[in-house]
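Listed below are the residues making up each chain.
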Amino acid sequence: MAGVPANLEDMLKDAHLPALLTAMVHITGDTGWLRPEWAPTYNPMDRADLGIPEERQAEARKAVAEAIRTHLGGKPLQMANPDTATLRRQMDFVAGAPIPEQYVDFLVDELTLDGRSTKDPQFEQPQLKAAARKLNVLVIGAGMSGLLAGIRLSQAGVPFQIVDKNADVGGTWFENTYPGCRVDNSNHMYSYSFEPNHLWPQHFSPQPVLLEYFRGIAAKYDLRKHIRFETLVESLAWDDGRAVWRATLNGKDGRTEIVEANAVITAVGQLNRPRMPDIPGLGSFEGPAFHSAEWRHDVDLKGKRVGVIGTGASAYQFVPEIAPEVASLTVFQRTPPWGLPVPHYHDDVPDNMKWVLEHVPYFDKWYRFYLFWMTTEGFLPMVKSDPAWTGPATAVGPENAMLREMATLSLQAQIADRPDLADKVIPQYPIGGKRAVLDNGVWIAALKRDNVSLVTDKVTEITAKGVRTADGVEHEFDVLIYGTGFQASNFLSFLKVKGRGGRDLHETWGGDAKAYLGMTVPGFPNFFITYGPNTNIVVNGSIIFFSECSVRYIVGCLKLLAESGARALEPKKAVHDDFNRRVDEANAGWAWGSPHVSSWYKNSFGRVSQNWPFGLIDYWRATLAPNPDDFVLEKTPEPVA
Ligand code: NAP
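Residues numbered from 1 in each chain as written. Predicted model: local features only at pLDDT ≥ 70, side-chain atom pairs only at ≥ 80, totals over all residues. Heavy atoms only, no water.

Draft legend 1. Layout of empty space enclosed by the protein. With the rule as written, the count across this model stands at five cavities of 30 Å³ or more. Its volume calculated, the largest cavity comes out at about 100 Å³. Of the residues belonging to the lining of the largest cavity, the class tally is seven nonpolar, seven polar and one charged. (1 Å grid on protein atoms, 1.4 Å probe; cavity = no way out; pocket = protein on both sides within 12 Å on 5 of 7 lines; lining within 4 Å. Points joined across faces, edges and corners; volume = space filled by probe spheres on them. Nonpolar A, V, L, I, M, F, W, Y, C, P; charged D, E, K, R; others polar.)

And the structure:
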């Protein structure tokens, strides 16, 4: 039990009030805290604005302080597990609006008030345990999803090994070390649901902090002993007769080794192979040139003339960081990014808020719930295409147009002193069409600097001295940086996979990767993909949620093998095809499916191959457990007498 700080009122002043009041229900057992006059009415463009008058907030915080003082003074928690009706009232209160009935189970699971979740592996039954021990899983990748797979497999008692091409855990947070790299999802949500961190230093922490979090996870769950670093899995071949995958591994010493596994889980992300642009002369630049994901820290940018190609999420983060130190910076923009105003994007989490997260029971759960709801399903209508929309193609529906207007006003305010920038920085595509970035003003401030210029003429050539644009100008540089993104739609491009009967995965896909629920592919038994085709989310929340759902489902598939005595499973082709047909239909209904937008969400066929087009609730439901009817189960052959 924590002592009661003398300045308790001060400690509470930065804590999210609706979450605090909701936590009081548990602490005092009284639902009277959920008073209408203390209920929030959020401002969508500034969520810090609760819409509760200051004096009401002060009154509420004072009452909360009294209750916490009593609790920390020794009075036990009064309501650990509220009934469903109370939970509903709590949810509605924090969300600031009634939550539709169909979300309740899903949100209760996400809340994990009693510490239990549908994502916990269920392998208690002794026969199941014994069968699980006979499995052997190869996980490719030790980033966020691979570590999660390791944790869940350990909990299920399934033997496994993890192989990663890098020298440490962390995946994207290990590789992307460019200046300013940070998460763009609130950290209190961008963390495993079962591993909250009450001490995140910032609301959106920088890359080194994220890397430390994942290192800490690897240590806590004793995963390193399972991981082979600096080793590339080059190929996988399914042995039909023995029902095992044979994996060819290539170690850093160049040695090749074959390992076998009953099942393979790929956990390599969608954004891990840098994409160099298809520009004539690429490679002819004589100075240092590098991609943002392969940042050359040995290249000192101080006082240099630097060119940057690209204005996506990566450039948006590193341009403001390097602008003050370089002699000149020229940013080549093809399409401007949309920014969502988030004034606290670079702010520290105040120490008093960390204290509340740590010491006020249930506050962390409800704060996470608030973030989860407000940035996930609660936000989706803003990017939904309305078939009846007859407005301009710069929006896809009335709510999208409203969001556009608010984001435009924010941009206009930032360039009030530089109207010449308006045509360049205000996007003409619907907001949500590409990944929107979080805007706290540093991007526009960087573009407005005297030593920075934003060039929107098409880049036509990379030359020995720099970059030539369509107007014929050759821009000369000392250093060239590519912020040109990743080969996102080339799923698993580094990996040769031969499935049943020697069928090749990449030939099967023909450049248009598809999988059932993003995870399984007909003809490729016991082969599971995390963050696979059509499992990316655009505006709604943290990709960790998706990984947790995927891994739950994959572990469920292993359980199905163990329970059924089958040695392999793969999805039925009809089930897979029907799922992908529904995905394609649904993707057309969102801003990112608009024909007026090109982005890494679409593959070379113009199909949206990356994004999940339904709600998070739909993925949660679909991945609760595998439906045996969706799969072809291959039974172990009877021994020949
Ligand atoms: P990106 O969003 O794909 O951006 C690539 C940029 O390069 C775009 O501006 C693109 O223009 C431009 N480009 C590509 N080829 C070009 C060419 N030939 N000429 C001129 N410009 C060219 O890549 P990214 O910025 O690395 O971000 C990728 C994804 O990674 C993000 O969407 C996000 O999901 C994730 N990410 C997240 C964070 C975070 O905050 N946590 C940070 C970085 C990245 P067009 O738009 O016209 O194609």
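Draft legend 2. Main features of the domain arrangement of the protein. For the protein, the assigned domains are domain 1 (8-118 + 349-376), domain 2 (126-273 + 488-635) and domain 3 (289-344 + 388-482). Computed over C-alpha atoms only, the centres of domain 1 and domain 3 are separated by 38 Å. (Domains from an automatic or database assignment.)

Draft legend 3. Up close: the layout of surface pockets. The computed volume of the second largest pocket comes to approximately 1100 Å³. Taken together, 42 residues make up the lining of the second largest pocket; nearest its centre are Arg47, Ala48, Val342, His344 and Tyr370. When contributions to the lining of the second largest pocket are tallied by element, the ones reaching two or more residues are helix H3 (54-72), strand S11 (339-341) and helix H12 (363-375). It is H12 that contributes the most residues to the lining of the second largest pocket, five residues altogether. (Helix = DSSP H or I, 4+ residues; strand = E, 2+ residues; numbered from the N terminus.)

Draft legend 4. Local environment of the packing of helix H2 (residues 17-28) against H12. It is the contact of H2 with H12, at a shortest axis distance of 8 Å, that shows an interaxial angle of 135°. Classified by the interaxial angle, the pair formed by H2 and H12 is oblique. The handedness of the crossing between H2 and H12 comes out as right-handed. Between H2 and H12, the contacting residues are Ala19, Leu20, Thr22, Ala23 and His26 on the first element and Phe363, Trp366 and Tyr367 on the second. Of the residues contributing to the contact of H2 with H12, the split by class is six nonpolar, two polar and no charged. (Axes fitted to C-alpha atoms, helices over the stretch in contact; angles between N-to-C directions. Parallel < 35°, antiparallel > 145°, perpendicular 65-115°, else oblique. Left-handed = near helix turned anticlockwise from the far one by under 90°. Contact = heavy atoms within 4.5 Å.)

Draft legend 5. Representation of the site of the ligand within the structure. Looking at the ligand, there are 24 residues lining it, with Ala313, Ser314, Thr335, Lys434 and Trp600 nearest. Here Gln317 contributes a side-chain N or O atom positioned 3.0 Å from an oxygen atom of the ligand. Gly485 has a polar backbone atom sitting 3.5 Å from an oxygen atom of the ligand. Notes on the ligand: free accessible area 910 Å², of which the protein chains cover 86%. A total of three residues in the shell around the ligand trace back to one element, the largest contributor, which is helix H10 (residues 313-322). Of the residues that constitute the shell around the ligand, the class distribution is nine nonpolar, nine polar and six charged. (Near = heavy atom within 4 Å. Polar contact = N/O pair within 3.5 Å; in protein donor to acceptor, adjacent residues only side chain to side chain. Areas by Shrake-Rupley, 256 points an atom, 1.4 Å probe, with all protein chains shown as cover.)

Draft legend 6. Layout of the packing of aromatic side chains. Per the counting criterion, the structure on display carries 39 aromatic pairs. Look at Tyr553 and Phe631: their rings are 6.4 Å apart centre to centre, the planes differ by 40°, and that puts the pair in the tilted class. One end of the pair, Tyr553, is in helix H17 (residues 543-564); the other, Phe631, is in strand S21 (residues 631-635), with 78 residues separating them in the sequence. Each member of the pair, Tyr553 as well as Phe631, is classed as buried. One cation-aromatic arrangement involves Arg35 over Trp38; the distance from NZ or CZ to the ring centre is 3.9 Å. Above the ring of Tyr345, the side-chain terminus of Arg182 is found at 5.8 Å from the ring centroid. (Phe/Tyr/Trp six-rings, centres within 6.5 Å; stacked < 30°, edge-to-face > 60°. Buried < 20%, exposed > 50% of the residue type's maximum accessible area, 1.4 Å probe, protein only. Lys NZ or Arg CZ within 6 Å of the ring centre and 35° of its normal.)

Draft legend 7. Inspection of the pairing of strand S5 (residues 244-251) at higher detail. Within S5, six of the eight residues are buried, which leaves it mostly tucked inside the rest of the structure. Two elements, strand S4 (residues 231-239) and S5, share eight bridges in a ladder whose sense is antiparallel. Its bridge partner being in S5, Leu236 is matched across the sheet by Ala247. In textbook terms, the turn of a hairpin is the stretch between consecutive antiparallel strands, and for S4 and S5 this stretch comprises four residues, one of which, Ala243, has a positive phi near 55°. (Pairing = 2+ DSSP bridges.)

Draft legend 8. Spotlight on helix H7 (residues 144-156). Taking 1.5 Å of rise per residue, the 13 residues of H7 would be expected to cover 18 Å, and the 19 Å separating its terminal C-alpha atoms lies within 8% of that figure. The element H7 is extensively covered by neighbouring structure, given that 11 of its 13 residues are classed as buried. Within H7 the residues assigned to the buried category are Met144, Ser145, Gly146, Leu147, Leu148, Ala149, Gly150, Ile151, Arg152, Leu153 and Ala156. A positive backbone phi angle near 80° is found at Gly157, which sits one or two residues after H7. (Expected span 1.5 Å × (residues − 1).)

Draft legend 9. Quick peek at the sheet that holds strand S17 (residues 479-482). In spatial order, the strands read S8-S17-S9-S10-S13; together these five strands make up an open sheet with parallel pairing. Either end of the sheet is taken by a strand with one partner, and the two such strands are strand S8 (289-291) and strand S13 (452-455). Direction aside, neighbouring strands of the sheet carry axes that sit 20° apart on average. Alignment of strand S10 (residues 328-332) against S13, held across four bridges, turns out to be parallel. Along S13, the bridge assignment pairs Thr330 with Ser453. Of the strands in this sheet, strand S9 (305-309), S10 and S17 touch H10, which is tilted by about 170° from S9.

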